[in-house]
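# Analysis of the macromolecular model
So you can see what is in the structure, the chains are spelled out below.
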Amino acid sequence: MKVALHGLALKAELFSDVQSLFNELTKHQFEIFATEQFDRQLRMHGNKALNYWVLESREDIAAMDFMISIGGDGTLLDAVTQVGDLEVPILGLNTGRLGFLATVATEKISDAIADLAADNFQLETRTLISLESHRKLFNGLNFGLNEFTIHKRDTSSMITVHTYIDGKYLNSYWADGLIVSTPTGSTGYSLSCGGPLISPEAKNLVITPVSPHNLNVRPIIVSDESEISFEIEGRAEKFLISLDSRSTSISSEVKLSVKKEKFSAKLVKLPHYHFFDTLRQKLNWGFDMRN
């Protein structure tokens, strides 16, 4: 089987974990490839003992059986953009704190690779959000796993986001911004702005205002079959929009709408993992200082 490795920032102290990953993949007779970004990281730290090929085209990625994201949740989000509509299954190896997406700890590398080799896993299908505009944005990578966000620039005054669901007026949000989140993204920026937690398999999108200036405005959950469109007003000439961690500046004349993407992200779910377990650990549910 063929596996691609992807990472954005490899610290020197983590190189031993990467070496362990290569050893386990080699032991189970995987053919090892690296994205160009990860290849640069490996060469920075000296990769003379590591044998792999570099992915040079979309056709190379399409031939992969798996992609392993090495880093945190942000690295896995970037891996989703690497894969795109090829839907290559992605496994998140977490080199930091426990993540909602990158769920395999470095001390579990051996078990994780053994499970991959033995076909002992499930694939979770995660909804992606798609941005449509009359202007080409994000170099054509107009999709995200977590959320789409409209936000004011810098310290400028609030903006007004007129929002429509399937062409029907919903509300005008006077706020610092507005988030449209997938179920996967409900544990991210939306959650920090008061949005609800949603199970990953739910068929919904969440609209969450960022610091609304009307306190009676609350997040709303809508069907992921909806198309959500926007008109933006504000004193500033430019506004920020983002898809996950990628952002760009636009003017109010740009027409924007979001809906569920036609393709999805496939995340590898190993045995003994459950979303609810991660929720309890990340949010300290059931934790009591008295015990």
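This is a predicted model, so every value here is computed, not measured.

This next bit is on the packing of helix 1 (residues 15–27) against helix 2 (residues 36–45). Relative orientation of the contacting elements helix 1 and helix 2 amounts to 115 degrees, with a least axis distance of 12 Å. Here helix 1 runs over helix 2; the crossing is left-handed. Taking contact as the criterion, the partners of Phe15, Val18 and Phe22 in helix 1 are, on helix 2, Phe38, Leu42 and His45. Looking at the contact of helix 1 with helix 2 residue by residue, the class counts come to 5 nonpolar, 1 polar and no charged.

What follows concerns the side chain of Thr35. Within the secondary structure layout, Thr35 lies in the loop between strand 2 (31–34) and helix 2. Judged by relative accessible area, which is 2%, Thr35 ranks as buried. Not counting residues within four places of it along the chain, the set of residues in contact with Thr35 comprises Leu5, His6, Gly7, Leu55, Met67 and Gln82.

For the rest of this paragraph, the subject is the nonpolar core. Of all hydrophobic cores here, the largest spans 29 residues; its most connected members are Leu5, Leu21, Leu25, Leu42, Ile68 and Leu116. Mapped by element, the contributors of at least two residues to this core are strand 1 (2–6), helix 1, strand 2, helix 2, strand 4 (66–71), strand 5 (90–94) and helix 5 (109–117). The element that contributes the greatest number of residues to this core is helix 1, accounting for 5 residues. Beyond its immediate chain neighbours, meaning those up to four positions away, Leu25 contacts Val3, Leu5, Phe30, Ile32, Ile68 and Ile113. Leu137, Ile165, Phe239 and Ile250 belong to the second-largest nonpolar core, a separate cluster that totals 26 residues.

Along the polypeptide, Ser264 turns up in strand 18 (residues 256–269). For Ser264, a relative accessible area of 12% translates into the label buried. Residues within four places of Ser264 in sequence aside, it is in contact with Gly84, Glu87, Thr125, Arg126 and Leu128.

Bringing the UniProt feature "active site" (unreviewed entry) in the protein chain into the picture now. The UniProt record annotates "active site" (unreviewed entry) at Asp73. Residue Asp73 is classed as partly exposed on the basis of its relative accessible area of 23%. Sequence-distant contacts of Asp73, that is, excluding residues within four places in its chain, are made with Gly99, Phe100, Leu101 and Ala102. For Asp73, the side chain forms a polar contact with the main-chain nitrogen of Leu101, separated by 3.0 Å.

Definitions and limits used
Residues numbered from 1 in each chain as written. Predicted model: local features only at pLDDT ≥ 70, side-chain atom pairs only at ≥ 80, totals over all residues. Heavy atoms only, no water. Axes fitted to C-alpha atoms, helices over the stretch in contact; angles between N-to-C directions. Helix = DSSP H or I, 4+ residues; strand = E, 2+ residues; numbered from the N terminus. Left-handed = near helix turned anticlockwise from the far one by under 90°. Contact = heavy atoms within 4.5 Å. Nonpolar A, V, L, I, M, F, W, Y, C, P; charged D, E, K, R; others polar. Buried < 20%, exposed > 50% of the residue type's maximum accessible area, 1.4 Å probe, protein only. Core = buried A, V, L, I, M, F, W, Y, C linked by side-chain atoms within 4.5 Å. UniProt positions renumbered as here; feature names shortened; annotations may be inferred. Polar contact = N/O pair within 3.5 Å; in protein donor to acceptor, adjacent residues only side chain to side chain.

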